[in-house]
Amino acid sequence: MSARDEILRRIDRIAPARPAAEVAKSYAEIDRSYLRRHHGDGILDLFAERVAHYRATVRAVTAAELPGAVAEALASRPGLYGVPGGLPGAWVAEVEEGWLVRDPAVADLDGLAGAITACAAGIAETGTIVLDHGPAQGPRALSLVPDYHLIVVTADQVAADVPEALERLDPARPLTFVSGPSATSDIELSRVEGVHGPRTLDVLLLH
């Protein structure tokens, strides 16, 4: 028996699984009278403002403008970029030939200039982008190891607030919440970027 299996076996012994009906009943009894949406109009503008507050760059583009915007974002930092296998080819159609690596191996991520991904949701109130690591987003390491991350967020993915966004997500999937570039101020309140993820985050908001 592996260490993992042993740990799970002990957990099951201490806290045996509850019947599904009992779990459903418990969830149904949760008080959900709290305010679920703080904003009505201007959700996309609010999202862009809050994302920019975290020192990320945000640019609104149309579908026709997107390929050029992706190529322009990468032009100032030549190199290899990791791209998930499910990312639409049209999005990166104008990127320099030879710059893209589809589904890069984990061992190669540290040598990449950056990564380009889609996302699962955006949250206007908090300026947060959520990845669930589906086919167009790639594994979690792709969005954490390279020093630069370019995320494409479609307008219909932006929710007004956290409760609305969570309703769109599958809790069984691995979720990564991104609020600007990686940063910490743990040591003497001095901001240091790039400790736990990319130092630079660019967002293209697709209308």
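For every chain, the first residue of its written sequence is number 1, and the numbers climb from 1 along that sequence. Residue-level local features of this predicted model are given only where pLDDT is at least 70; pairs of side-chain atoms are given and counted only at 80 or more, and the full residue set underlies all totals for whole chains, interfaces and linings. Each side-chain value is derived from all of the structure's non-hydrogen atoms; neither hydrogens nor water enter the calculation.

1. A closer look at the overall build of the chain
Helix and strand assignments come from DSSP, with helices taken as H or I runs of at least 4 residues and strands as E runs of at least 2, each series counted from the N terminus. Helix and strand content of the chain: 6 helices and 12 strands. Dimensions along the principal axes, computed over C-alpha positions, put the chain at roughly 55 × 50 × 45 Å. Across the 207 residues in the chain, those meeting the buried criterion constitute 39%. The contact criterion used is simple: two residues touch if any of their non-hydrogen atoms lie within 4.5 Å. Counting only contacts in the chain whose residues sit at least 6 apart along the sequence, the fraction spanning at least 24 positions is 69%. Each residue gets one of three labels from its accessible area relative to the maximum for its type: buried under 20%, exposed over 50%, partly exposed in between, using a 1.4 Å probe on protein chains only.

2. Overview of a nonpolar patch on the surface
A cluster of nonpolar side chains, contributed by Ile-7, Leu-8 and Ile-11, occupies part of the molecular surface with about 260 Å² of accessible area. Structurally, Ile-7 can be placed in helix 1 (residues 3–14). Each patch is built from salt-bridge-free residues with over 30% relative accessible area, joining like charges within 9 Å and nonpolar side chains (Val, Leu, Ile, Met, Phe, Trp, Tyr) within 5 Å. Calculation of accessible area relied on Shrake-Rupley with a 1.4 Å probe; when residues are assessed, cover is drawn exclusively from the protein chains displayed. For this analysis, a salt bridge means a side-chain nitrogen from Lys or Arg found within 4 Å of a carboxyl oxygen belonging to Asp or Glu.

3. With respect to the pairing of strand 4 (residues 114–117)
With burial as the criterion, each face of strand 4 is covered, one bearing Gly-114 and Ile-116 and the other bearing Ala-115 and Thr-117. When strand 2 (residues 81–83) meets strand 4, the two strands line up parallel, connected through 2 bridges. If you follow Tyr-81 over to strand 4, its bridge partner there is Gly-114. Where strand 4 meets strand 7 (residues 148–154), 3 bridges bridge the pair, whose relative direction is parallel. Directly across from Ile-116, in strand 7, lies its bridge partner Leu-150. Two strands make a pair as long as DSSP finds a minimum of two bridges between them.

4. Topic: the sheet that holds strand 12 (residues 200–206)
If you trace the 6 strands from one edge of the open sheet to the other, you get 1-12-7-4-2-3, paired in parallel fashion. Among the strands making up the open sheet, the edge pair consists of strand 1 (57–61) and strand 3 (100–102). On average, each strand axis in the sheet is tilted by 20° relative to the strand beside it, whichever way the strands run. The pairing of strand 7 with strand 12 spans 7 bridges and is classified as parallel. Looking at the pairing, His-149 lines up with Leu-201 of strand 12. Helix 4 (residues 66–75) contacts strand 1, strand 2, strand 4, strand 7 and strand 12 of the sheet and is inclined by roughly 165° relative to strand 7. The angle between two axes is taken between their N-to-C directions and runs from 0 to 180 degrees, where each axis is a line fitted to C-alpha atoms and a helix contributes only its stretch in contact.

5. Things to note about the sheet that holds strand 8 (residues 158–159)
Taking strand neighbours across the sheet as the criterion, the 4 strands line up as 8-5-6-9 in an open arrangement whose pairing is mixed. Both edges of this open sheet fall to strand 8 and strand 9 (176–178), since each of them pairs with a single strand only. Here strand 5 (residues 121–123) runs beside strand 6 (residues 128–131); their pairing, made up of 3 bridges, is antiparallel. Bridge pairing in strand 6 places Gly-122 opposite Ile-129.

6. Re the pattern of salt bridges
Counted according to the given criterion, the structure contains 10 salt bridges. With a shortest N-O distance of 2.9 Å, Arg-199 and Asp-147 are connected by a salt bridge. You can see Arg-199 sitting in the loop between strand 11 (192–193) and strand 12 and its partner Asp-147 sitting in the loop between helix 5 (140–144) and strand 7, a full 52 residues away along the chain. Salt bridges sharing common partners tie together Glu-6, Arg-9 and Arg-10.

This is a description of form; function is not addressed.
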